[in-house]
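Understanding the architecture of this molecule
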Amino acid sequence: MTGPAGPGRSGRPTLAVVGATGAIGTVMLQILSQRADVWGEIRLIASPRSAGRKLAVRGEEIEVLALTEEAFDGVDVALFDVPDEVAGRWAPVAAARGAVVVDNSGAFRMDPDVPLVVPEVNPHAVRTRPRGIVANPNCTTLSMIVALGALHAGFGLRELVVSSYQAVSGAGHAGVRTLREQLSLVAGTELGTSPGDVRRAVGDNTGPFPEPVALNVVPWAGSLREDGWSSEEMKVRDESRKILGLPTLPVAVTCVRVPVVTTHSLTVHARFENEVTVDRAREILATAPGVVLFDNPAAGEFPTPADVVGTDPTWVGRVRRALDDPTALELFVCGDNLRKGAALNTVQIAELVAVER
Ligand SMILES: NC(=O)c1ccc[n+]([C@@H]2O[C@H](COP(=O)([O-])OP(=O)(O)OC[C@H]3O[C@@H](n4cnc5c(N)ncnc54)[C@H](OP(=O)(O)O)[C@@H]3O)[C@@H](O)[C@H]2O)c1
């Protein structure tokens, strides 16, 4: 028997976590163990490679099942944390068997029949899901959008200019492994002083990144799209527009990978309808659900990944009015890409679905 509902849980919805063994899946199980428990049975699913492994959730050891059609029997909500092509094939299968799918991959995000939901920004969208699938935004968009949604509600957003500083766990377990291996090769050396010395030390296998990521920054995330844009940059633009309901919002974005394990950071230049004040922006951010304003540079206080990792909110600091445009704000935003950037937002969406029942 796998994943019994347990005492006191009968009558509650059954949840499946597909991709339970991955970077996001691992954080998902921690979050499900920490939040108020609304679920009956929790079923864990991964590739046949992982079938039979046991993973802990809510203090119970549960055996991982291989992904099959039958694995979705009796499932009310299925969370998908698997590569795009696996989600593209299997999410419709789960939906056809009666589950509401909340998908973390990029397979359905821009499908007009699939809502793209951030519970603090557009919770109403979850109810219109003709395909039985709800999409979770990508981690870079999610790391800033809760703060931007609040500012948009207050000021009316007109334009975004964004640069990301993205953690390696955004590329899954393989990204983390690569950074750790490279760090062990460069630790205690004098590398980083002549062209190519870091590259020679870490070798040709740079994992999921096109360049060494230790002692480096890499202006690339994802795959090549038209005119030199990266897929990650297109996601930030397209997904921000969809979530905020601003289909023509001008968005300029450059995505950069940095040697941080977990927590994406972004600099944001946001232009609004009318003149803004820092005081009003700070009021909005200080009271927005899911946002922490941490902004006192005189005391050396601003968010950094080293402090934000492992926390749930979107952290905002360095709030300034643009020097040359009284309608624009400059911000520095940090969010844990595995928590709010992926697993937490997915669980929050699933909880919205659970209370519909
Ligand atoms: N990392 C992030 O910050 C982030 C943020 C937002 C969204 N996402 C998206 O979330 C998804 C998962 O990402 P991740 O970073 O967790 O990846 P990951 O660490 O590589 O984990 C992938 C998961 O998918 C499972 N899987 C792979 N192929 C499968 C197959 N053919 N059938 C069944 N299960 C299969 C793996 O199971 P095995 O262990 O058995 O191989 C594993 O559980 C991706 O679509 C990613 O783009 C990631």
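Only a predicted model underlies this, so the values are computations on that prediction, with no experimental measurement involved. (Residues numbered from 1 in each chain as written. Predicted model: local features only at pLDDT ≥ 70, side-chain atom pairs only at ≥ 80, totals over all residues. Heavy atoms only, no water.)

Bringing the overall build of the protein into the picture now. Helix and strand counts for the protein stand at 9 helices and 14 strands. Taken over the C-alpha trace, the protein has a radius of gyration of 21 Å; the compact-globule value for 357 residues is 21 Å, and the two agree within 12%. In terms of its C-alpha atoms, the protein occupies a principal-axis envelope of roughly 60 × 50 × 40 Å. Of all intrachain contacts in the protein linking residues separated by at least 6 positions in sequence, the fraction that spans at least 24 positions is 69%. Where the 34 positive side-chain charges of the protein centre and where its 42 negative ones centre are 3 Å apart. (Helix = DSSP H or I, 4+ residues; strand = E, 2+ residues; numbered from the N terminus. Rg over C-alpha atoms; globule rule 2.2 N^0.38 Å. Contact = heavy atoms within 4.5 Å. Lys, Arg positive; Asp, Glu negative; His and termini not counted. Charge placed at Lys NZ, Arg CZ, Asp CG, Glu CD.)

Here the focus is helix α2 (residues 84-96). Spanning 13 residues, α2 covers 18 Å between terminal C-alpha atoms, matching the ideal 18 Å at 1.5 Å per step. Maximal helix bending in α2 amounts to about 30°, located at W90; proline P92 follows within four positions. Considered for burial, the residues of α2 that qualify are A87, W90, A91, A94 and A95. Once α2 ends, the next one or two residues include G98, with phi positive near 105°. (Expected span 1.5 Å × (residues − 1). Bend = angle between axes of the 7 residues up to and from the residue. Buried < 20%, exposed > 50% of the residue type's maximum accessible area, 1.4 Å probe, protein only.)

This paragraph deals with the site of the ligand. Inspection of the region around the ligand gives 28 residues, with T21, S47, R49, S50 and V82 positioned closest. Between the ligand and A23, the relevant distance is 2.8 Å, taken from an oxygen atom to a main-chain nitrogen or oxygen of the residue. At a separation of 2.8 Å, an oxygen atom of the ligand approaches a polar backbone atom of I24. Its free accessible area being 900 Å², the ligand has 79% of it covered by the protein chains. The set of elements that each furnish at least two residues to the shell around the ligand consists of α1 (23-34), α2, α4 (172-186) and α9 (339-354). Its residues assigned to classes, the shell around the ligand shows 11 nonpolar, 13 polar and 4 charged. (Near = heavy atom within 4 Å. Polar contact = N/O pair within 3.5 Å; in protein donor to acceptor, adjacent residues only side chain to side chain. Areas by Shrake-Rupley, 256 points an atom, 1.4 Å probe, with all protein chains shown as cover. Nonpolar A, V, L, I, M, F, W, Y, C, P; charged D, E, K, R; others polar.)

Looking now at the UniProt feature "binding site: phosphate" (unreviewed entry) in the protein. UniProt annotation of "binding site: phosphate" (unreviewed entry) refers to R109 when read in the numbering used here. For R109, the location among the structural elements is in the loop between β7 (100-103) and β8 (133-135). If we ignore the near neighbours within four places in the chain, the residues touching R109 are N104, V114, L116, A135, N136, P137, N138, K235, E239 and K242. A polar contact is formed between the side chain of R109 and the backbone oxygen of S105, at a distance of 3.2 Å. (UniProt positions renumbered as here; feature names shortened; annotations may be inferred.)

Let us now look at the packing of aromatic side chains. Taken as a whole and judged by the stated rule, the model has 4 aromatic pairs. When the centroid spacing of 5.8 Å and the interplanar angle of 90° are considered together, the rings of F294 and W315 count as edge-to-face. Taken as a pair, F294 in the loop between β12 (291-293) and α8 (305-308) and W315 in strand β13 (residues 314-321) lie far apart in primary sequence, 21 residues in all. A residue is classified by how much of its surface remains accessible, and F294, at 28% relative accessible area, is partly exposed. (Phe/Tyr/Trp six-rings, centres within 6.5 Å; stacked < 30°, edge-to-face > 60°.)

The next point concerns the pairing of strand β11 (residues 264-272). In terms of strand pairing, strand β9 (residues 157-166) meets β11 through 8 bridges, oriented antiparallel. Residue pairing across strands places V161 opposite H269, the latter belonging to β11. When β11 meets strand β14 (residues 328-335), the two strands line up antiparallel, connected through 8 bridges. What sits directly across from H269, in β14, is E330. (Pairing = 2+ DSSP bridges.)

A regular strand places its side chains so that they alternate between the two faces of the sheet. The alternating pattern of strand β6 (residues 77-80) places V77 and L79 on one face and A78 and F80 on the opposite face, and all of these are buried. The pairing of strand β1 (residues 15-18) with β6 spans 4 bridges and is classified as parallel. Along β6, the bridge assignment pairs V18 with F80. By the bridge criterion, 4 bridges tie β6 to β7 in an arrangement that is parallel. Bridged to F80 within β7 is D103. Handedness of the crossover is the feature at issue here: the chain leaves β6, passes through α2, returns alongside β7, and the resulting connection is right-handed. (Right-handed = clockwise from strand over helix to strand, strands pointing away.)

Okay, the UniProt feature "active site" (unreviewed entry) in the protein next. This chain's UniProt record puts "active site" (unreviewed entry) on C139 and H264. The annotated residues occupy 126 residues of the chain but converge on a single region, no pair of C-alpha atoms lying more than 7.9 Å apart. For C139, the position within the fold is in helix α3 (residues 139-155). You can see H264 is positioned in strand β11. Judged by relative accessible area, which is 0%, H264 ranks as buried. Within the structure, H264 has its side chain in polar contact with the backbone nitrogen of A167 (distance 2.9 Å).

To continue, consider the pattern of salt bridges. Counted according to the given criterion, the structure contains 20 salt bridges. The salt bridge partner of K340 is E120, with a shortest N-O separation of 2.8 Å. Of this pair, K340 sits in helix α9 while E120 sits in the loop between β7 and β8, and the two are 220 residues apart along the sequence. The salt bridge involving D312 is made with R339; its shortest N-O contact spans 2.8 Å. Here D312, found in the loop between α8 and β13, pairs with R339, found in helix α9; they are 27 residues apart in sequence, far enough to count as distant. Judged by its relative accessible area of 30%, D312 falls in the partly exposed class. Classification of R339 as buried rests on a relative accessible area of 10%. Three or more residues are tied together by salt bridges with common partners; here these are R9, R12, D37, R58 and E60. (Salt bridge = Lys/Arg side-chain N within 4 Å of Asp/Glu carboxyl O.)

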